[in-house]
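One letter stands for each residue in the lines below.
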Amino acid sequence: MDVASPPGHTLSPPPRPERCELCTRAASLTKHHLIPRALHNKPRYRKRYSREERLTAILWLCHACHRHIHRLYSERELADQFASREALLASEEVRHFVEWLSNKPAGFKPKSRRPKR
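Only a predicted model underlies this, so the values are computations on that prediction, with no experimental measurement involved.

Procedures and definitions
Residues numbered from 1 in each chain as written. Predicted model: local features only at pLDDT ≥ 70, side-chain atom pairs only at ≥ 80, totals over all residues. Heavy atoms only, no water. Helix = DSSP H or I, 4+ residues; strand = E, 2+ residues; numbered from the N terminus. Buried < 20%, exposed > 50% of the residue type's maximum accessible area, 1.4 Å probe, protein only. Contact = heavy atoms within 4.5 Å. Areas by Shrake-Rupley, 256 points an atom, 1.4 Å probe, with all protein chains shown as cover.

A.B. asks: What is the right way to read the overall build of the chain from this model?
C.D. replies: A count of helices and strands for the chain gives six helices and two strands. Going from N to C terminus, the chain has its helices and strands arranged as β-α-α-β-α-α-α-α. Taken across its 117 residues, the chain has 35% of its residues classed as buried. Sequence-distant contacts in the chain: of pairs separated by 6 or more residues, those separated by 24 or more amount to 74%. When the accessible surface of the chain is totalled, it reaches about 7,800 Å², and 50% of it is carbon and sulfur.

A.B. asks: Quick question: what am I supposed to make of the environment of Leu-29 here?
C.D. replies: Note on placement: Leu-29 falls in strand 1 (residues 29-33). Placed 31 residues apart in sequence, Leu-29 and Trp-60 show a C-alpha to C-alpha distance of 5.8 Å. Residues contacting Leu-29, with those up to four places away along its chain left out, are Arg-16, Pro-17, Glu-18, Arg-19, Cys-20, Trp-60, Leu-61 and Cys-62.

A.B. asks: Explain the environment of Leu-101 here, please?
C.D. replies: Counting through the fold element by element, Leu-101 comes out in helix 6 (residues 92-101). In this structure, the C-alpha to C-alpha distance between Leu-101 and Cys-65, residues 36 residues apart in sequence, is 8.3 Å. Filtering out sequence-adjacent residues up to four positions away, Leu-101 remains in contact with Cys-23, Arg-25, Cys-62, Ala-64, Cys-65, Phe-108 and Pro-110.

What follows is the structure, encoded as structure tokens:
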């Protein structure tokens, strides 16, 4: 017997894990939309990604990882080139930061080395 999903269930974000999905530290987590919300209604992204993909493509990240990603890349770059965990980790800059941060305690806040774009 098939049980119907509650309305909106398929459009819910993935469940919050206990650790950051990039650095694996146990820290306070925020939602990172792999397809930035500001681009959801742009025709280019409506054609490329389904509504479900736009709403559920989310990574749970610690504040440091989230801030670092947005310092490195524009929203368009994130949507066009880094719309998956694997794509983010394939970036040498992200990977080096994540490797460095993974050994730091949960409350550690790295100082910004780059001006925001």
